[in-house]
Amino acid sequence: MKENLIKYILGVSDNSLILGQRLGELCGHGPNLETDIALTNISLDLLGQTRNYYQYIASLQGEGKTEDDIAFMRSEREYLNVLLVEQPNNHFGFVMARQFYFDVFHVLLMENLQHSNDETLIAIANKGIKEVSYHLRFSSDWVKRLGDGTSESHQKMQEAIDGLWVFTDELFHLTDADKHMIEEGIGVDVSTLKEAYYKKVSEVLTEATLSVPEEKYFQKGGKQGIHSEHMGFILAELQYMQRTYPNMKW
Amino acid sequence: MLRNRIKYIEFLVEEKQHIEESLIPILDTVSDPEIPVLTILDMGVVREASENMGVVTIKITPTYSGCPAMDVIGDDIIAAFSSVGKEAKVELILSPAWTTDWITPKGRKALEEYGIAAPLNAIADKEALLGNKKLVKCTNCGSTNTKVVSQFGSTACKALFKCEECQEPFDYFKCL
Ligand SMILES: [Zn+2]
């Protein structure tokens, strides 16, 4: 039970950690000051949520574990985030498409996690839902603005929407730990969110004058710890300080 | 880790604050490090404050999940009580989640005077941030002829606005 619960929470929270890290890479590199600040604010929200989850996991693990051990001291195969969030920043259209695809899912997940049996997860979701609603508003806004913008912005947004589409289906896969936690009334059965997800995505894309991809081939693996070639580089940067100076504090 | 002085994830059952009268003067000396004109009581982040056997226990709730000010606030509370010879323990609670409704009238006034527009109600907030309606009042000239520049401002809790009357940019504290 405890092991499954920990795995379940990692499956939820590693998405926020890795996407937060990806957005953090853009600090000082946003297309303009306001957008730069917005991206790092979203990153901060996600990392804040991650801390809440990891503190909870650390308390479940006991043995003097801290949130830092969970963030920094695991190997690649132990991270359970979906492939979507580890995709590179590429151009700004990709940053917004990745964010949009994740935010639509994240809002649905938080809404449902509020009905969990686990009071810590409820508390984290209650807090997070308000933040992720702002994220979705921001990313939808950009998808629409770029999709319905100039012919170049339209083409680039479509390219990103098409390119990242193959990673959307994995959001709804269930791991064994997920299934156990759904049975316990703790986890959210994400497979039931799929319809609402694609409906919302289609609505926004249509409003953005973008075409909804029809590709039926999807990529998966992250939830099982099998990551893309990008993951190692993310972790190298993320873990550098803790690996170089073990147990460092500031 | 700065945070190891603070204990995490505790729950309050009630939304109501429980602050012992005698502790208010000390708590009122601790301000929000990001908005120094607001004390933590004005912000509504202190949910419980009690003293038992000479040890003060303060429960605070974060404004946003990733609010970096919470670490500083925790340390400042401990320092404020220590300066009057009291030991304080700070606990961070996540539930019930903080809302901008908990900012006191005095706090809202202080925000406006500082140049940050106070949060509107949830429906008006959405309309204003989506740019559908002009509802946020310029803190410089009072005009509502203002427009949203960015939904995310200098900190996670604020959005950036610009007044089209007097051209002044200003922050708006988002409804949460
Ligand atoms: Zn003005």
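Residues numbered from 1 in each chain as written. Chains lettered and ligands numbered in written order. Predicted model: local features only at pLDDT ≥ 70, side-chain atom pairs only at ≥ 80, totals over all residues. Heavy atoms only, no water.

Student: Even after reading the chapter, I still don't get the overall build of chain B, so can you show me in this structure?
Tutor: Helix and strand content of chain B: five helices and nine strands. Ordered by position from the N terminus, the helices and strands of chain B form the series β-β-α-α-β-β-α-β-α-β-α-β-β-β. By the compact-globule yardstick of 16 Å for 176 residues, chain B fits well, its C-alpha radius of gyration being 17 Å. When the 176 residues of chain B are sorted by exposure, 52% land in the buried category. (Helix = DSSP H or I, 4+ residues; strand = E, 2+ residues; numbered from the N terminus. Rg over C-alpha atoms; globule rule 2.2 N^0.38 Å. Buried < 20%, exposed > 50% of the residue type's maximum accessible area, 1.4 Å probe, protein only.)

Student: Before we go on, may I ask you to explain the domain arrangement of chain B in this structure?
Tutor: Interface size, as often reported, equals the accessible area lost upon joining of the parts. Residue and element names in this part refer to chain B. Annotation of chain B at the domain level lists domain 1 (2–102) and domain 2 (115–173). Of note, the centres of domain 1 and domain 2, computed from C-alpha atoms alone, are 28 Å apart. If you look at the interface, domain 1 gives six residues, while domain 2 gives six residues. For the domain 1 and domain 2 pair, buried surface summed over both sides reaches about 530 Å², with 80% attributable to carbon and sulfur atoms. Per-residue buried area on domain 1 facing domain 2 is highest for I35, Y64 and T100; these three make up 70% of the total on that side. Linking domain 1 with domain 2 are zero salt bridges. (Domains from an automatic or database assignment. Contact = heavy atoms within 4.5 Å. Buried area = accessible area lost by both parts, 1.4 Å probe. Salt bridge = Lys/Arg side-chain N within 4 Å of Asp/Glu carboxyl O.)

Student: Whenever I open this one, the interface of chain A and chain B confuses me. Can you help?
Tutor: Contacts between the two partners involve 30 residues from chain A, matched on the other side by 34 residues from chain B. For the chain A and chain B pair, buried surface summed over both sides reaches about 2,700 Å², with 59% attributable to carbon and sulfur atoms. When the buried surface of chain A facing chain B is broken down by residue, K127, Y134 and R137 of chain A rank first, second and third, together holding 26% of it. Summed over the shared surface of chain A and chain B, the number is zero salt bridges. Run the count over chain A and chain B and you get six residue pairs in polar contact (both at pLDDT 80 or more). Those elements that provide at least two residues to the side of chain A that touches chain B are α2 (33–61), α3 (67–72) and α6 (119–147) of chain A. Considering only residue class, the side of chain A that touches chain B consists of 10 nonpolar, eight polar and 12 charged. (Polar contact = N/O pair within 3.5 Å; in protein donor to acceptor, adjacent residues only side chain to side chain. Nonpolar A, V, L, I, M, F, W, Y, C, P; charged D, E, K, R; others polar.)

Student: Whenever I open this one, the coordination of the zinc ion confuses me. Can you help?
Tutor: When a metal holds four donors in a tetrahedron, each ideal angle between them is 109.5 degrees; when it holds six in an octahedron, the ideal angles are 90 or 180 degrees. All names here are of chain B. Coordination of the zinc ion by the protein involves C138 (SG), C141 (SG), C163 (SG) and C166 (SG), with metal-donor separations of 2.3 Å. In this structure, the zinc ion is surrounded by four donor atoms whose angles at the metal cover 107 to 115°, and the resulting shape is tetrahedral. We classify C166 as partly exposed; its relative accessible area is 28%. (Donors = N, O, S within 2.8 Å, 3.2 Å for Na, K, Ca; no water. Tetrahedral: all angles 85-135°; square planar, octahedral: opposite > 155°, others 65-115°.)

Student: Would you mind going over empty space enclosed by the protein with me for this structure?
Tutor: To find leftover empty space, a probe the size of one water molecule is rolled over the atoms. Residues and elements named next belong to chain B. In total, this model carries one cavity of 30 Å³ or more according to the counting rule given. Space inside the largest cavity adds up to approximately 70 Å³. Around the largest cavity, the lining residues are D32, E34, I35, M43, T63, C67, A69, M70, I73 and C157. No other element matches helix α3 (residues 69–82), which puts three residues into the lining of the largest cavity. Split by residue class, the lining of the largest cavity holds seven nonpolar, one polar and two charged. (1 Å grid on protein atoms, 1.4 Å probe; cavity = no way out; pocket = protein on both sides within 12 Å on 5 of 7 lines; lining within 4 Å. Points joined across faces, edges and corners; volume = space filled by probe spheres on them.)

Student: Even after reading the chapter, I still don't get the sheet that holds strand β7 (residues 146–150) of chain B, so can you show me in this structure?
Tutor: Two modes of strand pairing occur in sheets, parallel and antiparallel, and in both the strands are linked by backbone hydrogen bonds. Residues and elements named next belong to chain B. Pairing in this open sheet of four strands is mixed, and the strands run β6-β9-β8-β7 from one edge to the other. A strand with exactly one partner marks an edge of an open sheet, and here the two such strands are β6 (116–117) and β7. Inspection of the sheet shows strand β8 (residues 158–163) paired to strand β9 (residues 169–173) by five bridges, in the antiparallel sense. Of the residues in β9, the one forming a bridge with K162 is P169. (Pairing = 2+ DSSP bridges.)

Student: Any chance you could explain the packing of aromatic side chains here in plain terms?
Tutor: Two numbers describe a pair of aromatic rings. These are the distance of the centres and the angle of the planes. Applying the stated criterion to the full structure yields 14 aromatic pairs over all chains. Measuring from ring centre to ring centre gives 5.3 Å for F138 of chain A and F152 of chain B, while their planes differ by 90°; the resulting arrangement is edge-to-face. Of this pair, F138 of chain A sits in helix α6 while F152 of chain B sits in the loop between β7 and β8, on two different chains. Given a relative accessible area of 4%, F138 of chain A falls into the buried group. The interplanar angle of 40° and the centroid separation of 6.3 Å between the aromatic rings of W165 of chain A and F218 of chain A together place this pair among those described as tilted. Of the two residues, W165 of chain A sits in helix α7 (residues 151–165) while F218 of chain A sits in the loop between α9 (194–207) and α10 (231–244), which places them 53 residues apart along the sequence. Given the relative accessible area of 23%, F218 of chain A is considered partly exposed. Three or more aromatic residues joined by ring pairs form one cluster here, namely F100, Y101, F102, F105, W165, F172, Y197, Y198 and F218 of chain A. (Phe/Tyr/Trp six-rings, centres within 6.5 Å; stacked < 30°, edge-to-face > 60°.)

Student: Would you mind showing me how to read the pairing of strand β4 (residues 55–60) of chain B here?
Tutor: Consecutive residues of a regular strand have side chains that alternate between opposite faces of the sheet. Residues and elements named next belong to chain B. Of all six residues making up β4, five are buried, and the element is well covered by its neighbours. Examined bridge by bridge, strand β3 (residues 46–52) and β4 share six bridges and lie antiparallel to one another. Bridge assignment links E51 to a residue of β4, and that residue is V56. Following β3, the chain reverses through two residues before pairing antiparallel with β4; M53 in that reversal takes a positive phi of roughly 55°.

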